[in-house]
Amino acid sequence: MNFLSIFDVIGPNMIGPSSSHTAGAVSMALLARKMCPAPIEKVTFTLYGSFARTYRGHGTDRALLGGILGFTTDDPKIRDSFLLAEQAGLEYTFAVDEETVTDHPNTADMDILCEDGYRLSVRGVSVGGGKVKIVRINQIDVEFTGEYSTLIVRQTDKPGVVAHITQCLSHYDVNIAFMRMFREDKGATAYTVVESDETIPDRILEEIKRNPYVHELMLIQI
Amino acid sequence: MDFRNGQELLELCEKYGQPISEVMLEREIHCGNLTHRQIEERLNRVMDIMRASAHAPLTKPRKSIGGLIGGEAKLVHDHGTSAANVTGSILSKAIAYSMAVLEVNASMGLIVAAPTAGSSGVVPGALLAIAEEKGLSDRVLKSGLLNASAVGYLLMRNASVSGAEAGCQAEVGSASAMAAGAVVEMLGGTPGMCLHGASLALSNLLGLVCDPIAGLVEAPCQSRNTVGVANAITCAELALSGVTSLIPFDEMAEAMYQVGTCLPAKLRETAMGGAAATPTGCALCHRDKKES
């Protein structure tokens, strides 16, 4: 069992009204922002399940947008995120999908276009108490929480790539807490997700990129 | 220096001759990732947010984003000085504060979930009112918060604090048990008395359902928080008087969890039962849809 801190009980400090529908929404969008290599120009949110039915009354829309703007769960600016997004020149739209049944009731897709033309599609779920998971990146099912420093590698599913990644991590003395590979088909695009208790040094990215089957890296630091 | 249940907590208090708050603090220092100084800083921040959220709506009421509540805390607070005040100064203040925190929460303001957002008014309502009315220092208030976190930790670990899992008894019931234990310690009760107070508070709210109108954290959540506060203060009074709970805290926590598993899904945060399913509750729900 994970250690329950004083501040897991008397906490989190958060903008209301709901830990799952507001604080969780902020956190998943903030993770999506951290996965982007460049400033975000446009984002489309698609809300499913309970998010789709009750998002207005829970401020889920403002919370998601707030996360994309880089706010944390206790930032009072979340209330004004529509206005602040306009001021920042961030384009946003919300779509509601009450038909599709998702695995978890509190699910949102975030389709992001960055200023440099980079596109990223991320699905987040809010699993209760403000805890979240990212469960899909660009149509591939993955799973991580962002509670650890997280390295995400997009690669071609070929022998030796994972070994290369672990060698690089070992070279920089990074202690791996969790590591998983996610793929759709043999030999196709795959994601390796590495989670560590400590900060993962940025320098490691250059080294990992040297493998020809590694296409892209994202690093989310705690 | 960890503990897994109320019994082990009391044994540690006995062994070291310390109150529950000190044992909880030692546990965090030894088993957690925070230093004593960081814990102090975070407790100060918690107190600041609790005070701000308990006080602001008394002079500046704000409508909730779901539109079901707003302004109730000011009404109750203003009534506190009227000749028709029923509850007396401590309870009057405590319920006004608890409603205020829920109003801040429902209008996208900053609160401390304790243990959840929906039950976030109970602990600050009871603790701040007691501290102010009894003239207690911030140090005593912080010991109350630590005590509350010990009780809440045990309920998170051994029962549930989720309305979706075990109903409002797990949210407001747990918050009420946390506040009861804390108030007992703040007023000089023993660790044993704290857990008697917490156990009584849990037992009084067993079976309380979670039935948020239109699925919003507004009503009946806000007034449920006042019941959590009143129950906490009542049970603290019982415990401090020497009244004991026949059922020990650990058994009552398990009972609360078991009752939660018996509650139908309709009464666990789905907005399909209780107050939410009344004709008026349904009409309020559809009103929300029309506006959107």
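Residues numbered from 1 in each chain as written. Chains lettered and ligands numbered in written order. Predicted model: local features only at pLDDT ≥ 70, side-chain atom pairs only at ≥ 80, totals over all residues.

Visitor: How should I be thinking about the overall build of chain A in this particular structure?
Guide: Each helix and strand counted, chain A has seven helices and 11 strands in total. Computed over C-alpha atoms, the radius of gyration of chain A comes to 18 Å, within 12% of the 17 Å expected from 2.2 N^0.38 for 222 residues, which places it in the range of a compact globule. Here chain A holds 222 residues, and 43% of them are scored as buried. If you take every contact in chain A between residues at least 6 apart in sequence, the share linking residues at least 24 apart comes to 68%. (Helix = DSSP H or I, 4+ residues; strand = E, 2+ residues; numbered from the N terminus. Rg over C-alpha atoms; globule rule 2.2 N^0.38 Å. Buried ≥ 20, exposed ≤ 12 C-beta atoms within 10 Å, placed from the backbone. Contact = placed C-beta atoms within 7 Å.)

Visitor: Sorry, what's going on with the interface of chain B and chain A here?
Guide: How big an interface is tends to be reported as the loss of accessible area on association of its parts. With 39 residues of chain B at the contact, the number on the chain A side is 26 residues. Elements that contribute at least two residues to the side of chain B that touches chain A include exactly helix H2 (20-31), helix H3 (36-59), helix H5 (89-106), strand E1 (110-112) and helix H7 (138-158) of chain B. Element by element, the count of residues in the side of chain B that touches chain A is highest for H7(B), at eight residues. Taken together, the residues of the side of chain B that touches chain A sort by class into 24 nonpolar, 10 polar and five charged. Where strand E1 (residues 13-15) of chain A lies against E1(B), three bridges are found, and the strand directions are antiparallel. In the strand pairing of E1(B), A:Ile15 is matched with B:Leu110. (Nonpolar A, V, L, I, M, F, W, Y, C, P; charged D, E, K, R; others polar. Pairing = 2+ DSSP bridges.)

Visitor: When you look at the domain arrangement of chain A in this model, what are you seeing that I'm missing?
Guide: Residues and elements named next belong to chain A. If you check the domain split of chain A, you get domain 1 (6-138) and domain 2 (149-220). In this structure, domain 1 and domain 2 have C-alpha centres spaced 26 Å apart. Tallying the contact residues gives four residues for domain 1 and four residues for domain 2. Split by residue class, the side of domain 1 that touches domain 2 holds three nonpolar, no polar and one charged. (Domains from an automatic or database assignment.)

Visitor: Explain the environment of B:Thr226 to me, please; I cannot follow it from the model alone.
Guide: Residue and element names in this part refer to chain B. Assignment of secondary structure puts threonine 226 in helix H11 (residues 221-241). For the pair formed by threonine 226 and alanine 126, sequence separation is 100 residues and the distance between their alpha carbons is 9.4 Å. Threonine 226 has contacts with Ile95, Ser98 and Met99, leaving out every residue within four places of it along the chain.

Visitor: Honestly, the pairing of strand E7 (residues 140-144) of chain A in this entry has me stumped. Any pointers?
Guide: Residues in a regular strand project their side chains so that they alternate between the two faces of the sheet. Residue and element names in this part refer to chain A. Where strand E6 (residues 131-137) meets E7, three bridges bridge the pair, whose relative direction is antiparallel. By the bridge assignment, isoleucine 137 is partnered in E7 with isoleucine 140. Between E6 and E7, which pair antiparallel one after the other, the connecting turn spans two residues, and asparagine 138 there sits at a positive phi close to 40 degrees.

Visitor: Looking at this structure, I do not really get unusual backbone geometry. What am I missing?
Guide: Residues and elements named next belong to chain A. Glycine 11 connects to proline 12 through a cis peptide bond whose omega is 5 degrees. Relative to the helices and strands, proline 12 resides in the loop between helix H1 (6-9) and E1. Despite not being glycine, glutamine 139 has its phi angle at roughly 75 degrees, a positive value. Along the chain, the position of glutamine 139 falls in the loop between E6 and E7. Owing to 9 C-beta atoms within 10 Å, glutamine 139 belongs among the exposed residues under this scheme.

Visitor: When you look at the nonpolar core in this model, what are you seeing that I'm missing?
Guide: Grouped together as the largest cluster of nonpolar side chains are 164 residues, with contacts concentrated most on B:Ala126, B:Leu127, B:Ala179, B:Ala180, B:Val183 and B:Ala232. Composition of this core by domain shows at least three residues from each of domain 1 (6-138) and domain 2 (149-220) of chain A. Non-local contacts of B:Val183, meaning those with residues more than four positions away in its chain, are made with B:Ala126, B:Leu127, B:Ile130, B:Gly144, B:Ala232, B:Ile233 and B:Ala236. (Core = buried A, V, L, I, M, F, W, Y, C linked by C-beta atoms within 7 Å.)

Visitor: Is there a simple way to explain the sheet that holds strand E11 (residues 214-220) of chain A in this structure?
Guide: To summarise the sheet geometry, strands pair through backbone hydrogen bonds and adopt either a parallel or an antiparallel arrangement. All names here are of chain A. The strand order across the open sheet formed by four strands is E9-E10-E8-E11, and the pairing between neighbours is antiparallel. Pairing within the sheet leaves two strands with one partner each, and these edge strands are strand E9 (176-183) and E11. Sheet twist, expressed as the average angle between the axes of neighbouring strands with direction ignored, equals 15 degrees. As paired strands, E9 and strand E10 (residues 189-196) are joined by seven bridges and run antiparallel to one another. Bridge pairing in E10 links arginine 183 to alanine 190. Contacting strand E8 (149-156), E9, E10 and E11, helix H6 (residues 161-171) crosses the sheet at an angle of about 25 degrees to E10. (Axes fitted to C-alpha atoms, helices over the stretch in contact; angles between N-to-C directions.)

Visitor: Sorry if this is basic, but what is going on with helix H6 (residues 122-134) of chain B here?
Guide: Because an α-helix completes one turn every 3.6 residues, residues spaced three or four positions apart along the sequence face the same direction. Residues and elements named next belong to chain B. The end-to-end C-alpha distance of H6 is 18 Å, a good match for the 18 Å that 13 residues give at a rise of 1.5 Å each. Counting buried residues along H6, 10 of its 13 residues qualify, which places the element largely inside the surrounding structure. Among the residues of H6, those classed as buried are Val122, Val123, Pro124, Gly125, Ala126, Leu127, Leu128, Ala129, Ile130 and Ala131. Here the buried face of H6 lies against H3, H5, H7, helix H9 (168-186) and H11. (Expected span 1.5 Å × (residues − 1).)

Visitor: Hey, could you run me through the pairing of E10(A) in this one?
Guide: Residue and element names in this part refer to chain A. Pairing geometry for E8 and E10, over eight bridges, is antiparallel. Along E10, the bridge assignment pairs serine 149 with serine 196. Here E9 folds back onto E10, and the loop between the two strands holds five residues, one of which, glycine 187, carries a positive phi near 80 degrees.

Visitor: Explanation requested: the packing of H5(B) against H6(B) in the structure shown.
Guide: Geometry of a packed helix pair, given as the angle between the helix axes and the separation of the axes. Residues and elements named next belong to chain B. H6 packs onto H5 with a crossing angle of 140 degrees between their chain directions and a minimal axis gap of 8 Å. In the crossing of H5 with H6, the sense of the turn from one axis to the other is right-handed. In contact with Ser89, Ile90, Lys93, Ala94, Ile95, Tyr97, Ser98 and Val101 of H5, H6 contributes Val122, Pro124, Gly125, Ala126, Leu128, Ala129, Ile130, Glu132 and Glu133. Class assignment for the residues of the contact of H5 with H6 results in 11 nonpolar, three polar and three charged. (Left-handed = near helix turned anticlockwise from the far one by under 90°.)

Visitor: I tried to follow helix H12 (residues 249-262) of chain B on my own but got confused; where do I start?
Guide: Residues and elements named next belong to chain B. In a regular helix each residue adds 1.5 Å, so 14 residues correspond to 20 Å; H12 covers 20 Å between its end C-alpha atoms and thus fits that length. Among all positions of H12, only Phe249, Asp250, Met252, Ala253, Met256 and Gly260 are buried. Next to the buried residues of H12 lie helix H1 (6-16), H7, helix H8 (163-166), H9 and helix H10 (191-204).

Visitor: Looking at this model, I keep getting lost on the sheet that holds strand E5 (residues 119-128) of chain A. Mind explaining?
Guide: Residues and elements named next belong to chain A. With mixed pairing, six strands are arranged side by side in an open sheet as E3-E2-E4-E5-E6-E7. With one partner strand each, in any of the chains shown, strand E3 (91-97) and E7 form the two edges of the open sheet. Across the sheet, the mean angle from the axis of one strand to that of its neighbour is 25 degrees, orientation sign disregarded. The sheet contact formed by strand E2 (residues 40-48) and E3 spans seven bridges and is parallel. In the strand pairing of E3, tyrosine 48 is matched with aspartate 97. Strands in contact with helix H2 (residues 19-35) are E2, strand E4 (106-114), E5 and E6; relative to E5, the strand with the most contacts, it is inclined by about 150 degrees.

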